[in-house]
Amino acid sequence: VIGKGMNPPQKILFPPEKICMDWRQKRRPGAGLYNLGSTCYLNVVLQCLTYTPPLANYLLSRQHSRFYRLSPQCSFQGCLFFIISVLSQLCQASLAGALSQEELLTSFVVIGDFNADIPGDAYEFLRCTLSAMQAACLSGTTNVDASSEETTIIHQIFGGFLRSRVRCLRCKGVSDFFKVFLDVLLKIKGTLSLTTALEHFVAPKHLEGKRAFKCSKCKKRVAASKVVTIHQAPRILTVCLGRADDQTSRKLSQVVIYPEYLNLRPYMSEPAGKALLYTLYAVVVHTGPSCLGGHFLCYTKASNDQWYKMNDVSVESCDIRTVLEQQAYLLFYAR
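Only a predicted model underlies this, so the values are computations on that prediction, with no experimental measurement involved.

### A look at the overall build of the chain
(1) Moving on: Assigned secondary structure in the chain consists of nine helices and 15 strands.
(2) Moving on: The proportion of buried residues among the 335 residues of the chain is 50%.
(3) Moving on: For the chain, contacts bridging at least 24 residues in sequence account for 69% of all contacts bridging at least 6.
(4) Moving on: Only carbon and sulfur atoms are counted for the fraction: they give 52% of the accessible area of the chain, which is about 16100 Å².

### A word on the pattern of salt bridges
(1) Moving on: Scanning the model with the defined rule gives four salt bridges in all.
(2) Moving on: Residue aspartate 246 is joined to lysine 187 by a salt bridge in which the shortest nitrogen-to-oxygen separation is 3.8 Å. Of this pair, aspartate 246 sits in the loop between β9 (236-242) and β10 (261-263) while lysine 187 sits in strand β4 (residues 184-187), and the two are 59 residues apart along the sequence. Accessibility classification places aspartate 246 together with lysine 187 in one group, the exposed group.
(3) Moving on: The partner of aspartate 245 in a salt bridge is lysine 189, and the shortest N-O contact between them spans 2.9 Å. Here aspartate 245 is found in the loop between β9 and β10, whereas its partner lysine 189 is found in the loop between β4 and α8 (194-202), with 56 residues between them in sequence.

### Some thoughts on α8
(1) Moving on: For α8, the complete set of buried residues consists of Leu194, Ala197, Leu198 and Val202. Buried residues in α8, looked at end-on, bunch into an arc of 130°, giving them a common side.
(2) Moving on: Packed against the buried residues of α8 are β4, β8 (224-232), β9, β10 and β15 (328-334).

### Looking at helix α2 (residues 53-61)
(1) Moving on: For α2, a buried count of eight out of nine residues is recorded, marking the element as mostly surrounded by other parts of the structure.
(2) Moving on: Buried within α2 we find Pro53, Pro54, Leu55, Ala56, Asn57, Tyr58, Leu59 and Leu60.

### Here we look at the pairing of strand β2 (residues 160-168)
(1) Moving on: Among the nine residues of β2, seven are classified as buried, and the element is accordingly described as predominantly covered.
(2) Moving on: Sheet topology places β2 next to strand β3 (residues 174-181); eight bridges connect them, and they run antiparallel. Its bridge partner lying in β3, serine 164 is registered against phenylalanine 177.
(3) Moving on: In this antiparallel pair of consecutive strands, β2 and β3, the connection spans five residues, and lysine 172 shows a positive phi of 70°.
(4) Moving on: Pairing analysis gives eight bridges linking β2 to β8, with the strands arranged antiparallel. Residue pairing in the sheet places arginine 165 in a bridge with valine 227 of β8.

### Things to note about the packing of helix α1 (residues 40-50) against helix α5 (residues 122-138)
(1) Moving on: Direction vectors running N to C along α1 and α5 enclose 50°, while the axes themselves pass 9 Å from each other. Relative to α5, the element α1 lies oblique. Relative to α5, the crossing made by α1 is right-handed. Residue-level contacts link Tyr41, Leu42, Val44, Val45, Leu46 and Leu49 of α1 to Ala122, Phe125, Leu126, Thr129 and Leu130 of α5.

### Comments concerning the nonpolar core
(1) Moving on: Core analysis: the biggest nonpolar cluster contains 43 residues, and Ala122, Ile153, Phe158, Val284, Phe296, Leu330 and Phe332 have the highest contact counts within it.
(2) Moving on: Residues contacting leucine 330, with those up to four places away along its chain left out, are Ala122, Tyr123, Leu126, Val239, Cys240, Ala282, Val283 and Val284.

### So, the packing of aromatic side chains
(1) Moving on: Per the stated rule, a full pass over the model turns up five aromatic pairs.
(2) Moving on: Judged by centre distance (5.6 Å) and plane angle (90°), the rings of phenylalanine 14 and tyrosine 58 are edge-to-face. Note that phenylalanine 14 is positioned in the loop between β1 (2-4) and α1 and tyrosine 58 in helix α2, a separation of 44 residues in sequence.
(3) Moving on: Given a relative accessible area of 9%, phenylalanine 14 falls into the buried group.

Calculation rules
- Residues numbered from 1 in each chain as written.
- Predicted model: local features only at pLDDT ≥ 70, side-chain atom pairs only at ≥ 80, totals over all residues.
- Heavy atoms only, no water.
- Helix = DSSP H or I, 4+ residues; strand = E, 2+ residues; numbered from the N terminus.
- Buried < 20%, exposed > 50% of the residue type's maximum accessible area, 1.4 Å probe, protein only.
- Contact = heavy atoms within 4.5 Å.
- Areas by Shrake-Rupley, 256 points an atom, 1.4 Å probe, with all protein chains shown as cover.
- Salt bridge = Lys/Arg side-chain N within 4 Å of Asp/Glu carboxyl O.
- Arc of directions from axis to C-beta.
- Pairing = 2+ DSSP bridges.
- Axes fitted to C-alpha atoms, helices over the stretch in contact; angles between N-to-C directions.
- Parallel < 35°, antiparallel > 145°, perpendicular 65-115°, else oblique.
- Left-handed = near helix turned anticlockwise from the far one by under 90°.
- Core = buried A, V, L, I, M, F, W, Y, C linked by side-chain atoms within 4.5 Å.
- Phe/Tyr/Trp six-rings, centres within 6.5 Å; stacked < 30°, edge-to-face > 60°.

Dropping the structure here:
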């Protein structure tokens, strides 16, 4: 087997043993967030990140303040670590029960050129936020190899590895390609459950024609079989249920059943091992007939193990049955 893309890091930027998956402090649920025009997509992402236990523990401990110094004049473009300081302030304010200040939310709109007056996409904003936080963690580091860059606090929490195993149908040679991921995007057209979508994700794909594989042994493009599996599981598994139809871009509004507890083992490179269990702790929901508009709200599990519906400034207690009945868009699971 020829393997590419998963080299051991030369340096560990954040020690994994310092990551705590359980809440260090039991707090009452935080307050809602103001909608500054069309910022519901932003609010749900910030709420879900605020209620991600290992990230919240890190931010509330203010460990990042020992490494970064915040300047009032800094901007995201010139000093990306500002986002970590802002999210830390947001986490402190939200979990303390105080409505977050508008200037904090306005700061996040800068990420990815988002506009507070134009509807945005929660998944796109989540990816931009994690990328900006990753860049913040790498700020000031020099001569760090690519594998070491994948050992920041962000990658230690959200990161995993996918393995693409390609088998040449001519010479039967096998090649493995590894790629880091911070989230998994699943196709749901014609799918009724998360487990079915994951089964389709890891199902063998046939490569031929324009998608033929260039075999290093055969020295030419050949038909091949490709299987993508989760090779290294993340501590926090973030799943996006792709609700935009690839052909028409129309919203796929069917209900996709998702469990409170998920066993990721069947979708791993080694599916025969012991169960790899995850617990649902946040759900982002999109309402409306079109992907280009509508409204985002979320459900989060607070440190008191109680679920809450968070709809901008509104925060209401709810039960797990209500959470599992939603038209989910983003799912957050903790290992």
